[in-house]
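Report on the structure
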Amino acid sequence: MQAPQSTSSPPTSETLHEPQSQTVDAICPEHGPYRATVTEYHILGSTTVVTSSCQACKDAKHAAEDARKAAEISRERQRRVDSLFRSAGIPARFAERDFDGYKATGNGQKIAHSVCRAFASKWPEKAAVGSSLVLTGLPGTGKTHLACAIASHVMREYLAVAAFGTVSAMLRRIKSTYAKDSQQTEQGAIDDLVSPDLLILDEVGVQIGSEHEKMLMFEVLNARYQELRPTILISNLAMEELESFLGQRVMDRYRECGSVLAFDWESHRGSR
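To keep things clear, this report deals only with the structure shown in the data block. (Residues numbered from 1 in each chain as written. Predicted model: local features only at pLDDT ≥ 70, side-chain atom pairs only at ≥ 80, totals over all residues. Heavy atoms only, no water.)

With respect to the pairing of strand S2 (residues 32-43)
Two strands pair when backbone bridges link them, and strand S1 (residues 20-28) and S2 are joined in this way by 9 bridges, in the antiparallel orientation. Among the inter-strand pairings, Ala-26 is bridged to a residue of S2, identified as Tyr-34. Connecting S1 to the antiparallel partner S2 that follows it, the hairpin turn spans 3 residues. Judged from the 6 bridges that link them, S2 and strand S3 (residues 46-51) form a sheet pairing that is antiparallel. Within S3, the position partnered with Ile-43 by the bridge is Ser-46. The loop that links S2 with its antiparallel partner S3 comprises 2 residues; one of these, Leu-44, has a positive phi angle of about 50°. (Pairing = 2+ DSSP bridges. Helix = DSSP H or I, 4+ residues; strand = E, 2+ residues; numbered from the N terminus.)

If you want it as structure tokens, here you go:
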């Protein structure tokens, strides 16, 4: 039996021709006269004519596409920033604190403001070496204000992951893993505290903890030190009391990798 013959055949010179182009004078309704390329396409007995747009129209189209892409990138970045702020745990009272809003009148305040601002503006370098800060002094002297200003800056400018919390909250979180129905281990909770790019721990030494609590705090701080994760410690204790609470090993590490700032002026609470 003879095989059936195909009813289709490849295009021939009668059905398919090479496109033909020529340059002609044209007028753009928006930009006026220009030289256009007119191309004729002949396919299966049909002719399609395509006239190129003027260069100004092409540039406007590309600019509009670039603007659309830039706007989408900006929106996506803002969504990321908003997400970082929501998850950072910064108290509402300090969520909008920035460096410009900090009233630095005395010499000590100016130094603290300058050091903290430099820490934030040089974040990539600080993060690379695990630089940290210890802010210690009387209540109402602006320690939390400056720490939160640093967090806000590095989240907004560098998309860094920041976390804020008190020492007591940190310890409760770790010790909650001791419950029988806990879905997380103690080490898992510690790892969660080590992972943020920046950790701010407030109220260090508010109450003298048990030896077990001090050990847990040492584990978190030492792990962040070893992993080059910047940490900011905020305490109302005097320097000697803070060293007694944290231990010399911790304080030596923080002196090595950062600055210890004493906020030794009177409270300005209510004036900022």
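Don't stop here, the text continues.
Comments concerning the packing of aromatic side chains
Applying the stated criterion across every chain, the model contains 2 aromatic pairs. Where Phe-263 meets Trp-265, the ring centres are 4.9 Å apart and the plane angle is 45°; that geometry is what we call tilted. We classify Trp-265 as buried; its relative accessible area is 12%. Lying over the aromatic face of Tyr-225, Arg-253 brings its terminal NZ or CZ to 5.3 Å of the ring centre. (Phe/Tyr/Trp six-rings, centres within 6.5 Å; stacked < 30°, edge-to-face > 60°. Buried < 20%, exposed > 50% of the residue type's maximum accessible area, 1.4 Å probe, protein only. Lys NZ or Arg CZ within 6 Å of the ring centre and 35° of its normal.)

Some words on the nonpolar core
Within the largest apolar cluster, 31 residues are counted, with the highest numbers of intra-cluster contacts made by Ile-150, Leu-198 and Ile-232. At 8 residues, the largest contribution of residues to this core is made by helix H4 (residues 143-158). Once residues within four sequence positions are removed from consideration, Ile-150 is found in contact with Phe-99, Cys-116, Phe-119, Ala-120, Leu-133, Leu-198 and Ile-232. Listed in part, the 25 residues of the second largest apolar core include Leu-193, Leu-233, Leu-242 and Phe-245. (Core = buried A, V, L, I, M, F, W, Y, C linked by side-chain atoms within 4.5 Å. Contact = heavy atoms within 4.5 Å.)

Notes on unusual backbone geometry
Positioned with a positive phi, Glu-203 is a non-glycine residue whose angle comes to about 60°. The phi dihedral of Leu-228 is positive, around 60°, even though this residue is not glycine. Note that Leu-228 resides in the loop between helix H7 (211-226) and strand S7 (231-235).

Overview of the sheet that holds S3
A sheet is described by the order of its strands in space; here 3 strands give the open sequence S1-S2-S3, paired in antiparallel fashion. Bordering the open sheet on either side are S1 and S3, each of which pairs with just one other strand. The sheet shows a mean angle of 30° between the axes of neighbouring strands, taken without regard to direction. (Axes fitted to C-alpha atoms, helices over the stretch in contact; angles between N-to-C directions.)

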